[in-house]
Structure formats: C-alpha cells, structure tokens
Amino acid sequence: ALRDDAAPLPQQLKELCSTAGADIEIAGDQQPLSPPATLALFRIAQEALTNAAKHAPGAAASVSLHYGADAVVLVVRNGRHVSTPSPLAARGGGYGLQGMRERVALLGGTLDAGPTDDGAWLVRAAVPA
C-alpha cells in the first residue's frame, strides 16, 4: 500500500464502502496524495467503519472525502445505534482512535472523533494537501 502503484484513495474508499454498506461522497478537485497519506486515510476509514459496525450495528454509515486547496478531509459518520452492540463490543476498548490520531499526526494533520448532538458518532481526519 505504500507503493506508487496503489489504487487512488477514492477508488479504495468506494470499494470499502461497498463492502461495508456505507454511503460515500467525494468532492473537490481530486489530486494525487502521497502513498503514506493515502494509506493513513484509508486505514482511518476502515477503522471507523469497523468501530461503527462494532458499536452501532444496523446504523447507517457514510464516508465523505473532500479535496480542498490546503487539506484533504475524510469524515466518517455513523448514525445512532438501532440495536444492541455486537458481541465484539464486549471485548473492551482498543487502540483504534489512538492509532488514527497517530497516523494523522505523522502527516502533520488533525483528527477529531466523538459523538454529535444528534447521537451519531463522527470521525474527521484532515491531512495537508
């Protein structure tokens, strides 16, 4: 995944969202990202969707990727849980959010994660363009 011949991030995210049953939106003027940035944003989306399935099975999830002039922003949002958490949730906390923050920090970016006012959960990662 750190090679230059890896699929572009939008393509990788479309495949991931198709598998996870999440909606996806891509906006802005797409530009090539460095292999480390591509990998970091893909892994963040993957981890966030895994967390959504673990803690809020059955809730709708969406991924958006926005290419801006100064940053590329990935947002993963899942709705309020509509059923009880999956058995995987009982395994306790891991290092998912911490790992996301570390990946973004290595690229000079930021990561925010937490509940929204409407009870959903949102992960927002921004890396320099």
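Caption draft 1: Looking closely at the environment of His66. Structurally, His66 is set in strand E2 (residues 61-67). If sequence neighbours within four positions are ignored, His66 has contacts with Ala27, Gly28, Ala71, Val72 and Val73.

Caption draft 2: Quick peek at the pairing of strand E1 (residues 23-28). Bridge count between E1 and E2: six bridges; the pairing is parallel. Bridge assignment links Ile26 to a residue of E2, and that residue is Leu65. Taking the sense of rotation as the criterion, the β-α-β connection linking E1, helix H2 (residues 35-55) and E2 turns out left-handed.

Caption draft 3: Molecular detail of the side chain of Thr38. Take Thr38: it is sitting in helix H2. What Thr38 contacts, discounting residues up to four positions off in sequence, is Ala7, Leu9, Gln12 and Leu33.

Caption draft 4: Region of the structure containing the pattern of salt bridges. Tallied over the full model, the rule gives one salt bridge. Asp118 is the partner of Arg77 in a salt bridge, and the nearest nitrogen-oxygen pair spans 2.5 Å. Residue Arg77 is found in strand E3 (residues 71-78), and its partner Asp118 is found in the loop between strand E4 (110-115) and strand E5 (121-128); the two are separated by 41 residues along the sequence. When its relative accessible area of 42% is taken as the criterion, Asp118 is described as partly exposed.

Caption draft 5: A look at the sheet that holds E4. Strand order in this open sheet of five strands is E1-E2-E3-E5-E4, and the pairing throughout is mixed. In the strand order of this sheet, the two ends are held by E1 and E4, each with one partner. Between one strand axis and the next, the sheet turns by 10° as a mean value, whatever way the strands run. Packed onto the sheet, helix H1 (residues 9-20) meets E1, E2 and E3 and runs at close to 175° relative to E2. Helix H3 (residues 96-106) rests against E4 and E5 of the sheet, and its axis sits at about 155° to E4.

Cut-offs and rules
Residues numbered from 1 in each chain as written. Predicted model: local features only at pLDDT ≥ 70, side-chain atom pairs only at ≥ 80, totals over all residues. Heavy atoms only, no water. Helix = DSSP H or I, 4+ residues; strand = E, 2+ residues; numbered from the N terminus. Contact = heavy atoms within 4.5 Å. Pairing = 2+ DSSP bridges. Right-handed = clockwise from strand over helix to strand, strands pointing away. Salt bridge = Lys/Arg side-chain N within 4 Å of Asp/Glu carboxyl O. Buried < 20%, exposed > 50% of the residue type's maximum accessible area, 1.4 Å probe, protein only. Axes fitted to C-alpha atoms, helices over the stretch in contact; angles between N-to-C directions.

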